[in-house]
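Survey of secondary and tertiary structure
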Amino acid sequence: MLLAMIYAASPAAIVSVSRLQVRITTGAEELTAGSVVELRIYETGRPVRKLSLTHGESWPRDSTRVIPLTLSDGIDPRAVARFSLYYHATNAVSPPWEVAAAEVDVEPNSGASERLLNATLSGVIAQSGELASEEREPSAMRCATDADCDDHRSCNGHERCAPRSHDADSRGCVKGLPLVCPVNQVCSEDRGCHGPDASTAASRSEP
């Protein structure tokens, strides 16, 4: 798959994409004219993106809409936690809207497009609400702060979130430098840098 190949070839690279394609198949009810439909993308460390998919038109029932989107500010798919379709009915008597299937393709027409989060949405949305993909596991997402990279071990140094570094892993984390202790001292997680135990030193001094 396209993104997997990119990660394997260059784990430190930021994969920024600017083109998406949304494919929505409607269900038994038409989308009434004037209703609002948005693609909402939730990324680590950023405000939610709200991308309009309608412009006042109606969508027939049992039909498929293909909507290309060009982003002025690209996204890194690794930093996407989830995405959703937001629906707001044009009036209070509009019925719930059924989505038979909805997918978001990343960089369509590139020869090997990738489905965002490998997710397909389906379900019924009330007069105002969202139909969302499952939340992505934090361990699979790009880091946003140094805390996201912290392995809670002190002797191997302080990990950093630096996706642009050539030393970064697929999550954007850079390993820390091991703690250098003074001569004749070693580092342990519970005590930090320390010398030989007094009891050990005493036993060595006995004849």
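Bear in mind the structure is a predicted one, so any value in this text is a computation, not a measurement.

Take the overall build of the protein next. Looking only at helices and strands, the protein features two helices and 13 strands. On the protein, roughly 11700 Å² of surface is accessible, and the fraction owed to carbon and sulfur atoms is 52%.

Our focus in this paragraph is empty space enclosed by the protein. A probe matching the size of a water molecule, rolled over the atoms, marks out where space remains unfilled. Applying the stated criterion across every chain, the model contains one cavity of 30 Å³ or more. One number sums up the size of the largest cavity: a volume of about 30 Å³. Lining the largest cavity, in full, are Glu 29, Glu 30, Leu 31, Thr 32, Tyr 87, Ser 94, Pro 95, Pro 96 and Trp 97. Residues of the lining of the largest cavity, tallied by class, amount to five nonpolar, two polar and two charged.

Turning our eyes to something else, we now look at the nonpolar core. Ranked by internal contacts, the top residues of the largest apolar core, which has 30 residues, are Leu 20, Ile 24, Leu 39, Leu 53 and Trp 97. For this core, the secondary structure elements donating two or more residues are β1 (17-26), β2 (36-43), β4 (64-75), β5 (80-88), β6 (97-106) and β8 (121-125). Top contributing element to this core by residue count: β6, with five residues. Other than its neighbours up to four places away in sequence, Leu 53 contacts Val 22, Ile 24, Val 37, Glu 38, Leu 39, Trp 59, Ile 67, Leu 69 and Leu 85.

What follows deals with the sheet that holds β2. Strand order in the open sheet formed by four strands is β3-β2-β5-β9, with antiparallel pairing between adjacent strands. In this open sheet, the two edge strands, each paired with only one partner strand, are β3 (49-52) and β9 (128-132). If you compare each strand with its neighbour and ignore which way they point, the axes differ by 25° on average. In this sheet, β3 lies alongside β2 in antiparallel orientation, the contact comprising four bridges. The residue bridging Leu 39 from the neighbouring strand is Leu 51, located in β3.

How each quantity is defined
Each chain carries its own residue numbering, running from 1 in the direction its sequence is written. Thresholds applied to this predicted model are a pLDDT of at least 70 for local features of residues and 80 or more for the giving and counting of side-chain atom pairs; totals over whole chains, interfaces and linings are not thresholded and use all residues. The basis for the side-chain values is all heavy atoms of the structure; hydrogens and waters are excluded. Secondary structure follows DSSP: runs of H or I at least 4 residues long count as helices, runs of E at least 2 residues long count as strands, and numbering of each begins at the N terminus. Per-residue and other accessible areas follow the Shrake-Rupley method at a 1.4 Å probe size, with only the shown protein chains counted as cover for residues. A cavity, in this analysis, means grid points on a 1 Å lattice covering only the protein atoms where a 1.4 Å probe fits yet has no way out; a pocket is instead an open set bounded by protein on both sides within 12 Å along at least five of seven lines, and a residue lines either one if it has an atom within 4 Å of a point. Grid points are joined across faces, edges and corners, and a volume is the space filled by probe spheres set on the points. Lys, Arg, Asp and Glu make up the charged group, whereas Ala, Val, Leu, Ile, Met, Phe, Trp, Tyr, Cys and Pro make up the nonpolar group; the residues left over, Gly among them, are polar. Throughout, nonpolar core names a set of buried Ala, Val, Leu, Ile, Met, Phe, Trp, Tyr and Cys residues whose side chains join them through atoms within 4.5 Å. For each residue, the accessible area found with a 1.4 Å probe, counting protein chains only, is set against the maximum for its type, and the residue is called buried under 20%, exposed over 50%, and partly exposed in between. Residue contacts are defined here by distance: any two heavy atoms, one from each residue, within 4.5 Å place the two residues in contact. Strands are labelled as partners when DSSP assigns at least two bridges between them. The axes are straight lines fitted to the C-alpha atoms, using for helices just the contacting stretch, and the angles between their N-to-C directions are given from 0 to 180°.

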